[in-house]
Amino acid sequence: MLVAQRLQGCASLEAAVLELLRGLPASFWPRPCKRIRDWREHGKMPSSNTGAYNLARQALPLSIVQKSCDHIFQQLVAQMGEPSVCSAGAFLLDGSSMRAAHTPELCETYPPGSNQHGTSHWPLIRVLVAHELHTGLAMRPEYGPMHGDEAVSEQALLERAIDRLPSGATVIGDANFGVFSVAHAAAQRQHPVLLRLTIARAQRLAGEPLREDIDREVVWKPSREDRRSHPDLPADACVKGRLLVRQVQPHNGGTAFLLPFFTTLPSSVEQVYELYGRRWAIETDLRTLKCTLCLDQLTCATPDMVAKEIEMGITAYNLVRALISLASQQSGIPPRGYRFTKVRRILQVFGPALANAPDQQTAQRVLDQIMTCVQQSKQPRRKRKRPSYPRGVWKRGATFPNRRK
């Protein structure tokens with residue numbers, strides 16, 4: 001019910017309860033209680049009020065939700081297989097933020113930000129996501145407070161999440177993750193890395209001014225600041241890899257610039273740059289999570305329920321991605337060549353019919369209809385390049401007066 005509720009975006013508790021009362025097969029109730037038996041035998045429908053469902057989702061242990069999310073992710077990754085030599089097992093990592101409801105408990109756990117004008121209203125949560133490059137499947141994210149004394153960085157969240165990555169998965173990160181602690185944590189767990197570096201850090205690693213077409217083996221050692229922020233690093237801590245530098249010309253005709261990387265992959269320079277060139281997919285995945293599945297503004301009022309809301313949102317996201325991957329295996333079109341929003345609507349509409357199927361033949365017929373509709377949800381092929389628009393921040397429609405103490 002939590003997954004079905006998240007698939008509908010900002011659906012209320014009433015939508016989930018009414019979806020349940022619309023009817024489910026007998027196999028859904030392994031041990032039906034007296035109310036369910038009365039419903040089946042005498043037609044006495046249970047109450048459509050949401051109080052019992054609300055209490056049940058609060059009583060659901062968070063550990064069960066996390067284990068379920070991890071199990072679903074592991075099973076889906078195993079079933080999707082390895083798409084290619086270049087991108088098999090590559091995970092894109094990036095950070096973002098989510099707003100939570102303004103309650104005393106959430107404000108204490110996730111303090112709002114503040115500046116010279118005062119304290120903000122919304123509690124803010126820093127989130128780190130890891131998405132498989134080819135299929136877009138998402139691992140259960142790590143999150144923590146964005147402000148306050150217990151604030152966590154994206155690099156610290158990555159060091160907590162890296163233990164749950166599949167064995168041997170490649171870690172791809174932008175310049176924010178191009179630090180020694182990330183490379184060392186990945187090397188200790190046998191994860192190859194492809195990290196973009198800042199110009200200053202790349203120059204210190206190269207020991208000379210950067211130039212085009214550098215492809216050099218280097219040994220990355222922690223700086224004094226790295227040891228200050230990570231005092232538990234061993235005395236001989238180092239990471240062996242390659243420093244790559246290439247001059248890049250922007251598509252919009254801007255000034256060319258040098259793009260440095262640190263990688264432990266044995267691939268060629270062309271493969272490495274082609275792999276990082278697909279990093280933008282994580283940005284569209286974050287947009288899907290926050291806009292399509294409405295995870296930008298969380299609605300639950302306690303930290304445990306916020307955690308369940310985030311993790312069930314990831315499970316719903318993976319359900320749609322798995323359906324897209326099945327369609328991709330049938331058509332040969334890459335999974336990211338399908339429209340996520342339309343596939344979510346297809347699953348939302350046909351899902352109840354699939355769940356209510358009385359027998360295997362009916363379920364297969366509904367599944368065939370679903371796959372036919374999914375195959376009609378391919379990304380459009382535009383004959384000409386769309387005009388680019390300047391990036392800008394647009395204000396939301398509603399404004400509120402400043403609070404006065």
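Residues numbered from 1 in each chain as written. Predicted model: local features only at pLDDT ≥ 70, side-chain atom pairs only at ≥ 80, totals over all residues. Heavy atoms only, no water.

**Structural notes on the overall build of the chain**
Line of reasoning, step 1. A count of helices and strands for the chain gives 15 helices and 10 strands.
Line of reasoning, step 2. Residues counted as buried form 44% of the 405 residues belonging to the chain.
Line of reasoning, step 3. Partitioning the intrachain contacts of the chain with sequence separation of at least 6 by distance along the chain shows that 66% fall at a separation of at least 24.
Line of reasoning, step 4. For the chain, the accessible area works out to roughly 23100 Å², and carbon and sulfur atoms hold 52% of it. (Helix = DSSP H or I, 4+ residues; strand = E, 2+ residues; numbered from the N terminus. Buried < 20%, exposed > 50% of the residue type's maximum accessible area, 1.4 Å probe, protein only. Contact = heavy atoms within 4.5 Å. Areas by Shrake-Rupley, 256 points an atom, 1.4 Å probe, with all protein chains shown as cover.)

**What about the environment of Leu 21?**
Line of reasoning, step 1. The residue Leu 21 is located in helix α2 (residues 13–21) in this model.
Line of reasoning, step 2. Since its relative accessible area comes to 10%, Leu 21 is described here as buried.
Line of reasoning, step 3. For the pair Leu 21 and Met 45, spaced 24 residues apart in sequence, the C-alpha separation works out to 7.7 Å.

**Overview of empty space enclosed by the protein**
Line of reasoning, step 1. With the rule as written, the count across this model stands at one cavity of 30 Å³ or more.
Line of reasoning, step 2. The space that makes up the largest cavity amounts to roughly 30 Å³.
Line of reasoning, step 3. Around the largest cavity, the lining residues are Ser 96, Met 98, Val 127, Val 129, Leu 286, Leu 289 and Lys 290.
Line of reasoning, step 4. The element contributing the most residues to the lining of the largest cavity is helix α12 (residues 281–292), with three residues.
Line of reasoning, step 5. Here the residues of the lining of the largest cavity are counted per class, giving five nonpolar, one polar and one charged. (1 Å grid on protein atoms, 1.4 Å probe; cavity = no way out; pocket = protein on both sides within 12 Å on 5 of 7 lines; lining within 4 Å. Points joined across faces, edges and corners; volume = space filled by probe spheres on them. Nonpolar A, V, L, I, M, F, W, Y, C, P; charged D, E, K, R; others polar.)

**Remarks on helix α3 (residues 34–42)**
Line of reasoning, step 1. By the burial criterion, the buried members of α3 are Ile 36, Asp 38 and Trp 39. Projected down its long axis, α3 shows its buried positions confined to an angular sector of 160°, all on one face. Opposite the packed face of α3, turned more than 90 degrees from it, sit the exposed residues Lys 34, Glu 41 and His 42.
Line of reasoning, step 2. On its buried face, α3 is in contact with α2.
Line of reasoning, step 3. Immediately downstream of α3, the backbone of Gly 43 shows phi near 75°, a positive value. (Arc of directions from axis to C-beta.)

**Thoughts on the state of the cysteines**
Line of reasoning, step 1. Inspection of every chain in the model, using the stated rule, returns zero disulfides.
Line of reasoning, step 2. Sulfur of Cys 291: no disulfide; nearest cysteine sulfur belongs to Cys 294 and is 8.3 Å away.
Line of reasoning, step 3. According to the relative accessible area criterion, Cys 291 is exposed, its value standing at 53%. (Disulfide = S-S within 2.5 Å.)

**Quick notes on the nonpolar core**
Line of reasoning, step 1. Grouped together as the largest cluster of nonpolar side chains are 54 residues, with contacts concentrated most on Ile 125, Leu 194 and Val 374.
Line of reasoning, step 2. Counting only elements with at least two residues in this core, the list comes to β1 (90–99), β4 (124–132), β10 (257–263), α11 (269–276), α12, α13 (303–331), α14 (340–355) and α15 (360–375).
Line of reasoning, step 3. The dominant element in this core, judged by the number of residues it contributes, is α13, at 11 residues.
Line of reasoning, step 4. In contact with Val 374, other than residues within four places in its own chain, are Leu 323, Ala 327, Tyr 338, Val 343 and Ile 346. (Core = buried A, V, L, I, M, F, W, Y, C linked by side-chain atoms within 4.5 Å.)

**Considerations on the confidence of the model for the chain**
Line of reasoning, step 1. When pLDDT is averaged across the chain, the result is 87; 90% of the residues are at 70 or more.
Line of reasoning, step 2. Across residues 83–88 the pLDDT falls below 50, and counting only partners more than four positions away or on other chains, this stretch makes 11 contacts in the model. (pLDDT = per-residue confidence, 0-100.)

**Some remarks on the sheet that holds strand β9 (residues 239–248)**
Line of reasoning, step 1. Pairing within the open sheet is mixed, and its eight strands lie in the order β5-β4-β1-β6-β7-β10-β9-β8. Each edge of the sheet is formed by a strand with only one pairing partner; in this case those strands are β5 (142–145) and β8 (214–220). Averaged over all adjacent pairs, the angle separating strand axes in this sheet is 25°, with direction ignored.
Line of reasoning, step 2. In the sheet, strand β6 (residues 170–173) pairs with strand β7 (residues 193–196) via three bridges, with the strands oriented parallel. Across the sheet, Ile 172 pairs through a bridge with Leu 194, a residue of β7.
Line of reasoning, step 3. Relative to the sheet, helix α8 (residues 180–188) contacts β7, β8, β9 and β10, its axis offset from that of β9 by approximately 130°.
Line of reasoning, step 4. Against the sheet, α12 engages β1 and β4, with an angle of about 40° to β1. (Pairing = 2+ DSSP bridges. Axes fitted to C-alpha atoms, helices over the stretch in contact; angles between N-to-C directions.)

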